[in-house]
Amino acid sequence: MEIVLNKEEFLNGIKVVKNITSSKGVQPVLSNILIETISNDRVRFLATDLNLSISFKLKAEVVSEGKITLSAKTLEEITNKLPDKPIVLKLNDETNVVTISCGKTKFELIGISAEEYPKVFDEAAQNAEEDKEFEINTGLLNKGIKQTAFSTAQNETGSVLSGVCFNINANILEMVATDGNRLTRSRKEINSKGESIMFISPARTLLEVSRIISMVKDETVKFVVKRNKIVFEFDDVTFQSRLIEGTYPKYQQLIPTTNEKTVSIVREELIQAIERVSVMVNERTNIVKFNFDSNSLEISTDTPESGSGKDFLDIEYSYESLLIAFNYRYVLDSLKNMDSKNVKVEMSTNLSASIFKPEAETEEEDNNYICLIMPVQVRQ
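Here the structure is a predicted model, which is why all the values come from computation and not from measurement.

This brings us to the environment of Leu 270. Within the secondary structure, Leu 270 sits in helix α5 (residues 267–277). For the pair Leu 270 and Gln 27, spaced 243 residues apart in sequence, the C-alpha to C-alpha distance is 50 Å. Residues contacting Leu 270, with those up to four places away along its chain left out, are Ile 265, Phe 290, Leu 297, Ile 299, Leu 313, Leu 335 and Val 343.

Topologically, Thr 148 is positioned in helix α3 (residues 138–148). If sequence neighbours within four positions are ignored, Thr 148 has contacts with Val 164, Met 175, Val 176, Ala 177, Thr 184 and Ser 186.

A positive phi angle is found at Asn 96, which is not glycine, with a value near 60°. Following the sequence through the fold, Asn 96 ends up in the loop between β7 (87–92) and β8 (97–102). The residue Asn 171 is not glycine, and still its phi comes out positive at about 60°. Within the secondary structure, Asn 171 is located in the loop between β11 (163–169) and β12 (172–178).

Take the state of the cysteines next. All chains considered together, the criterion is met by 0 disulfides. Cys 165 supplies the cysteine sulfur nearest to Cys 371, a cysteine that is in no disulfide, at a spacing of 16 Å.

For the pair helix α1 (residues 7–18) and helix α2 (residues 72–81), interaxial distance at closest approach is 10 Å and the crossing angle is 150°. In terms of orientation, α1 lies roughly antiparallel with respect to α2. The handedness of the crossing between α1 and α2 is left-handed. Touching Lys 7, Phe 10, Leu 11, Ile 14, Lys 15 and Lys 18 of α1 are Ala 72, Leu 75, Glu 76, Thr 79 and Asn 80, all from α2. Looking at the contact of α1 with α2, its residues break down into 5 nonpolar, 2 polar and 4 charged.

Taken as a whole, this structure holds 21 salt bridges when the rule is applied. Ionic pairing is found between Lys 222 and Glu 233, a salt bridge with its closest N-O pair at 3.1 Å. Here Lys 222, found in strand β15 (residues 220–225), pairs with Glu 233, found in strand β16 (residues 229–233); they are 11 residues apart in sequence, far enough to count as distant. Under the relative-accessibility criterion, Glu 233 is labelled partly exposed at 24%.

This part is about the sheet that holds β16. The sheet built from 8 strands is open, its strands ordered β6-β2-β3-β4-β17-β16-β15-β10 with antiparallel pairing. For this open sheet the edge positions go to β6 (67–71) and β10 (132–137), each flanked by a neighbour on one side alone. Ignoring strand direction, the axes of neighbouring strands in this sheet form an average angle of 20°. Strand direction decides the pairing type here: β10 and β15, joined by 6 bridges, are antiparallel. In the strand pairing of β15, Glu 133 is matched with Val 224.

Let's shift gears to the pairing of strand β19 (residues 287–293). Regular strands have side chains that alternate between both faces of the sheet. Among the 7 residues of β19, 5 are classified as buried, and the element is accordingly described as predominantly covered. Inspection of the sheet shows β19 paired to strand β22 (residues 322–327) by 6 bridges, in the antiparallel sense. Bridged to Lys 289 within β22 is Ala 325. Two elements, β19 and strand β20 (residues 296–303), share 5 bridges in a ladder whose sense is antiparallel. Residue Phe 290 lies in a different strand from β20, and its bridge partner there is Ile 299. With antiparallel pairing between neighbouring strands as the criterion, β19 and β20 make up a hairpin whose turn holds 2 residues, including Asn 295 at a positive phi of roughly 55°.

Our focus in this paragraph is the environment of Leu 30. One can find Leu 30 in the loop between α1 and β2 (32–37). Taking the relative accessible area as the measure of exposure, Leu 30 reaches 4% and is therefore buried. Sequence-wise, Leu 30 and Glu 316 are 286 residues apart; in three dimensions their C-alpha atoms are separated by 58 Å. Non-local contacts of Leu 30, meaning those with residues more than four positions away in its chain, are made with Thr 21, Ser 22, Thr 48, Leu 50 and Pro 118.

Nonpolar side chains in soluble globular proteins tend to be buried together. Ranked by internal contacts, the top residues of the largest apolar core, which has 68 residues, are Leu 89, Phe 223 and Phe 232. Those residues in contact with Phe 232 that lie beyond four places of it in its chain are Leu 141, Thr 205, Leu 206, Val 209, Val 221, Lys 222, Phe 223, Val 237, Thr 238 and Phe 239. Counting residues in each nonpolar core, the second largest holds 33 residues, with Leu 270, Val 277, Val 288 and Ile 299 among its members.

This part takes up the sheet that holds β20. Across a sheet, strands are paired by hydrogen bonds formed along the backbone, either parallel or antiparallel in direction. Ordered in space as β21-β20-β19-β22, the 4 strands form an open sheet in which the pairing is antiparallel. Of all the strands in the sheet, just β21 (307–314) and β22 have a single pairing partner and so form its edges. Strand-to-strand twist of the sheet, defined as the mean angle between neighbouring strand axes without regard to direction, takes the value 20°. Along the sheet, α5 makes contact with β19, β20 and β21, crossing β21 at roughly 165°. Packing against the sheet, helix α6 (residues 328–336) makes contact with β19 and β22, and its axis sits at approximately 85° to β22.

The rules we used
- Residues numbered from 1 in each chain as written.
- Predicted model: local features only at pLDDT ≥ 70, side-chain atom pairs only at ≥ 80, totals over all residues.
- Heavy atoms only, no water.
- Helix = DSSP H or I, 4+ residues; strand = E, 2+ residues; numbered from the N terminus.
- Contact = heavy atoms within 4.5 Å.
- Disulfide = S-S within 2.5 Å.
- Axes fitted to C-alpha atoms, helices over the stretch in contact; angles between N-to-C directions.
- Parallel < 35°, antiparallel > 145°, perpendicular 65-115°, else oblique.
- Left-handed = near helix turned anticlockwise from the far one by under 90°.
- Nonpolar A, V, L, I, M, F, W, Y, C, P; charged D, E, K, R; others polar.
- Salt bridge = Lys/Arg side-chain N within 4 Å of Asp/Glu carboxyl O.
- Buried < 20%, exposed > 50% of the residue type's maximum accessible area, 1.4 Å probe, protein only.
- Pairing = 2+ DSSP bridges.
- Core = buried A, V, L, I, M, F, W, Y, C linked by side-chain atoms within 4.5 Å.

In C-alpha cells:
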C-alpha cells in the first residue's frame, strides 16, 4: 500500500475515528486505526471498541492498494508535528512497517496486520427486511441530544437509565432521559417513512454522534435501527452502536399535568442568581432553596460550617407562598440547555415534581422540551 494524503484531511480523519479506539482492550489491535484503500482516490479509516464502530472515507491519491492498522495515539501525535505538506504512507507488507514521509521528515511506524482486525461492519447484513430507516436534520438531532443526554444515569452502564429512549411515531421523535431524580423530554420532527419504533441508545453513543455532527457539514443524517444495533449514516461517516436491551419506564405517567402554579422567569437572570448563591452550597447535598412569595423569588442556601447566601428576583407570582428545594445542578443543567429568553416553571407542592421548560411563543411549541425535577425534602 502507498497513499498520498493532505495533512489537514488526514488529521481530521484521525480525529473523527480515534475516540472509538479502545486503550484498555484485551486485543492490542483495538487501540489501532484500520487504514485501507477502497478506490483509486479514496481510503477508509475504521475504529472500534467492539461496542461502537466508526468508518470515515476521505480523498487520497492511491498509488497502490493495501491495508494496515496503526496506533491511533501515535499516528495523531506524529501527524500533528508534521509540516503542512502532502503526507505519504508506504507499507512494507512483509514487516507491517509503515513509512510516513512529509517533506524532509520521515517516521517508521510498526503496525498490526489488518487481518487481525475484527469485521465490525457486516456488509451482507446491511439491509435486512426488519431494519427500520429514519432521516432527521442534523441540527435538530444534535439539539435533542444536548437536551437529554445529560439526564441519564451516569454510573449504571448497561442499565436502561444510562441511555436515551427514542420513541418515534407519526413523524415525531421523542427523546427521553431520566436518572430517577430528573427527566428530560425533547420532541423533534423526523422523516419516519411511516415507521414507528421505541428503542434505547446509550448516552455515550449519542455524545459521539453529536461530536461527529460538529465535524461534518451534512444537513441531514440517516439512521437505521437493526435488531440490537443502530447505524448512523452521514455522507462520509458511518457510525454503529449496540442498543441497550430492556424496557424503559413509562415516562408519560411521570410527567404531571395538574401543576397549578406557573411562573415565568428571565432565564439568564435565574442562572446568574443560582450560580451566585451556589458558592455557599453544601457540596455533599447541592441543595438550593426557592422561596416563591408575592411577586418575589428568594433563592438561598446555607451550610452550617461555612455560611449562607441569598439572592432575590422580581417575578409575577400571585399564588400562596411556596418553599421548594432542588439540587441546583439539576436546575442549571436544564436552564443551560434552553435558548429561550424566559423559562416557565410549573409547580404544585414542595414534594411533587416541578417542570422547567422554555417559554414558547405558541401553545403547539409549549411542550417541545421539558425538564422534570424532583424536589428535595428539607427542614424549614
